[in-house]
Amino acid sequence: MKGARVPGWVWAVLLLVHAVGFAWTVDKKAWNFPDSGRYRQAGLNMRKQGQLYAQAWPTEVPRGQAVQEFTIRPPGYPVILNVLGSAQGSPWLALLLQNALSLLALGTVLRWWARTAQPTCRHWLGAVGIVLLFPAQLIYANAVMSELWLQVCLLGAVGSALLFSITERLRYFVGVAVAIGLALLLKPVCFPLAAITAAAAGWLAWKRKRCVLLLVGLLPVLVAGVYMRWNEQRTGYFHFSSIAEINLLHYNAAGVVRQLNGPAAEENWVAGVLRGANAQPDFAARQRLIQQQADSVIFAHPFVYGWQHLMGMGAFLLDPGRFDISAFLGLRPLPGGGLLTQVRAVGWLAAMARLPLGMLAVLGLLTLVNIVRLLLAVRGFVGLKHGPVEWRVARWLAVGLLGYLALLTGPLGAARFLVPAWPLLLGLALLGLQGPTALPPSEPIAASA
């Protein structure tokens, strides 16, 4: 049963699961998540008004908080929705394409694993189990959300970087820069990747004496700069996305206030900051005031915030996805907010006790699987150091990107935010499923380059 191809029955299972998920979504119209409306409205305003604005088009010039809707969502996904005719009405075409992207991403990783480790039938059964027990992949393939598009961009960037490390051909480095540039236009979390790409390009250009690498590596910085300049023209504030201040206020700093003084104090503090911010004469002053107020709370209590940030990073890797499952199946939301919010407020045991018994069992199983998956990924990471140089590069690319997203997401950590980097974690876990003995012996670096 060993082979270098993905078995037909594995493809059949993946196709069936995605087909069922797509059929459920279209039948129940379950594609709307909390952020979906803003994406669709932004696409609609781009088509009708020629402006990127994520709420109903205002009858007068937006002021104060309303200005943030110009930059709260980057243009990438709204443009995609417009091209596919999914900004209004049933978005079935966008969802169908996202399911295809999901299969493409999963198939790419599975095929790489098949060629690298030549797994047995028993290993393939384990691989299918790992894939199916991460429901967020299927859920966001069937939601009007940009996660699957970002997933393909990041996987493309890592794949191009790996090919460049093997061949040193310029076209693969161009592929990295283009993929990161597109990722910037999908999610603000990728904004710092522009600087990271430029720094890596500068180091490579110096090491290999190829100035063209630096020029290519600056492409994402150029994309970010042009977009920020456009935002400045529309809002008067040179920035990439207003979501940075929103998260800083409502999650990062507000979480510290809640941990120190409780939910009521948090609500009053946020309301007070917003009153002062919305009274500022322009949007730039508003955003700077939010930054100052939030930073003052965080820097005054660094250990409280640090613990909150670490909890979010842990949730990024281990969250079973209660919110995603509930939203997809149309279940009623929990009173008192999401599971992580309740954990911070009343603790793990009290928060879990509020869950229905069936949901508690499902989440318990998924959490256990997530822990096992993470341990397998660690094992796979260690095992890759015994392989050729390109595999050693691959493991650091995967861990680096996973760590980057976990760090940037911080207190917001949840299964949803893992989706864009899920194939990378999957690849490491699959190698860990077999252990280092599945890999061929290490080759000399010169022979692999």
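This structure is a prediction, so every number in the text was calculated from the model and none was measured.

Before going further, it helps to examine the overall build of the protein. A count of helical and extended segments in the protein gives 23 helices and zero strands. For the protein, whose C-alpha radius of gyration is 23 Å, the value lies close to the compact-globule estimate of 22 Å for 449 residues. By its C-alpha atoms, the protein is 65 × 60 × 45 Å across when sized along the principal axes. The buried share of the protein, reckoned over its 449 residues, is 51%. At a minimum sequence separation of 6, the contacts of the protein that also span at least 24 residues come to 76%. Counting only carbon and sulfur atoms, one obtains 67% of the accessible surface of the protein, whose full area is about 20,400 Å². On the protein, the mean spot of the 36 positive side-chain charges and the mean spot of the 16 negative ones are 9 Å from each other.

Time to look at helix H3 (residues 76–83). The complete set of buried residues in H3 reads Gly 76, Tyr 77, Pro 78, Ile 80 and Leu 81. Where H3 is buried, its residues contact helix H2 (36–48), helix H4 (92–117) and helix H7 (147–167). Gly 85 sits one or two residues past H3 and shows a positive phi near 65 degrees.

Together, Val 174, Val 178, Leu 182, Leu 219, Leu 222 and Val 226 give the surface a local cluster of nonpolar side chains, amounting to about 480 Å² of exposed area. Secondary structure elements with two or more residues in the nonpolar patch: helix H8 (170–184) and helix H11 (219–235). By the secondary structure assignment, Val 174 is in helix H8. On the accessibility criterion, Val 174 (33% relative accessible area) is partly exposed.

Time to look at the pattern of salt bridges. For the coordinates displayed, the defined rule picks out nine salt bridges. With a shortest N-O distance of 3.1 Å, Glu 168 and Arg 208 are connected by a salt bridge. With Glu 168 in the loop between H7 and H8 and Arg 208 in helix H9 (residues 191–208), the pair connects residues that are 40 residues apart, well separated along the chain. Overlapping salt bridges bring together Asp 35, Arg 73, Glu 147, Lys 187 and Arg 416 as one network.

Bringing the side chain of Arg 73 into the picture now. Within the fold, Arg 73 resides in the loop between H2 and H3. A polar contact of 3.0 Å, which involves the side chain of Arg 73, links it to the side chain of Asp 35. Discounting residues that sit within four places of it in the chain, Arg 73 has contacts with Asp 35, Arg 38, Tyr 39, Leu 52, Tyr 227 and Ile 243.

Further remarks concern the environment of Glu 266. Inspection of the secondary structure puts Glu 266 in helix H13 (residues 263–278). In this structure, the C-alpha to C-alpha distance between Glu 266 and Val 67, residues 199 residues apart in sequence, is 24 Å. The residues touching Glu 266, leaving out its near neighbours within four places in the chain, are His 250, Ala 254, Val 257 and Arg 258.

On to the packing of helix H12 (residues 243–261) against helix H15 (residues 302–318). One way to put it is that H12 packs onto H15 with a least axis distance of 9 Å and a crossing angle of 115 degrees. One element, H12, and the other, H15, form an angle in the roughly perpendicular class. Note that H12 runs across H15; the crossing there is right-handed. The segment H12 lies against H15, with Tyr 251, Asn 252, Gly 255, Val 256, Gln 259 and Leu 260 engaging Val 304, Tyr 305, Trp 307 and Gln 308.

Although it is not a glycine, Gln 118 sits at a positive phi angle of roughly 45 degrees. Structurally, the position occupied by Gln 118 is in the loop between H4 and helix H5 (121–132). Positive phi outside glycine occurs at Glu 168, with the angle close to 60 degrees.

Mapped onto the secondary structure, Asn 45 falls in helix H2. A relative accessible area of 4% means that Asn 45 is categorised as buried. If we ignore the near neighbours within four places in the chain, the residues touching Asn 45 are Gly 50, Gln 51, Tyr 53, Gln 55 and Trp 57.

Let us look at the environment of Gly 314. Mapping Gly 314 onto the fold places it in helix H15. On a C-alpha basis, the gap between Gly 314 and Leu 376 in space is 16 Å, while along the polypeptide they are 62 residues apart.

A separate point is the nonpolar core. The biggest cluster of nonpolar side chains holds 94 residues, and the ones touching the most others in it are Leu 110 and Tyr 140. For this core, the element with the highest residue contribution is H4, accounting for 11 residues. Among all residues touching Tyr 140, those that are not within four sequence positions of it are Phe 33, Gln 98, Met 145, Glu 147, Leu 148, Phe 323, Asp 324, Arg 416 and Val 419. If you look at the next biggest cluster of nonpolar residues, it comprises 17 residues, including Val 257, Ile 290, Val 297 and Tyr 305.

The next subject is the packing of aromatic side chains. By convention here, two paired aromatic rings are described through the distance between centres and the angle between planes. Taken as a whole and assessed by the stated rule, the structure comprises 14 aromatic pairs. Geometrically, the ring pair formed by Tyr 53 and Trp 57 is edge-to-face, given 5.8 Å between the ring centres and 80 degrees between the ring planes. Judged by relative accessible area, Trp 57 falls into the partly exposed class, the value being 34%. Taking NZ or CZ as reference, Arg 73 lies 5.4 Å from the ring centre of Tyr 39, over its face. Lying across the ring of Trp 230, Arg 234 places its NZ or CZ 3.8 Å from the centre.

Rules of the game
- Residues numbered from 1 in each chain as written.
- Predicted model: local features only at pLDDT ≥ 70, side-chain atom pairs only at ≥ 80, totals over all residues.
- Heavy atoms only, no water.
- Helix = DSSP H or I, 4+ residues; strand = E, 2+ residues; numbered from the N terminus.
- Rg over C-alpha atoms; globule rule 2.2 N^0.38 Å.
- Buried < 20%, exposed > 50% of the residue type's maximum accessible area, 1.4 Å probe, protein only.
- Contact = heavy atoms within 4.5 Å.
- Areas by Shrake-Rupley, 256 points an atom, 1.4 Å probe, with all protein chains shown as cover.
- Lys, Arg positive; Asp, Glu negative; His and termini not counted.
- Charge placed at Lys NZ, Arg CZ, Asp CG, Glu CD.
- Patch = residues over 30% accessible without salt bridge, like charges linked within 9 Å, V, L, I, M, F, W, Y side chains within 5 Å.
- Salt bridge = Lys/Arg side-chain N within 4 Å of Asp/Glu carboxyl O.
- Polar contact = N/O pair within 3.5 Å; in protein donor to acceptor, adjacent residues only side chain to side chain.
- Axes fitted to C-alpha atoms, helices over the stretch in contact; angles between N-to-C directions.
- Parallel < 35°, antiparallel > 145°, perpendicular 65-115°, else oblique.
- Left-handed = near helix turned anticlockwise from the far one by under 90°.
- Core = buried A, V, L, I, M, F, W, Y, C linked by side-chain atoms within 4.5 Å.
- Phe/Tyr/Trp six-rings, centres within 6.5 Å; stacked < 30°, edge-to-face > 60°.
- Lys NZ or Arg CZ within 6 Å of the ring centre and 35° of its normal.

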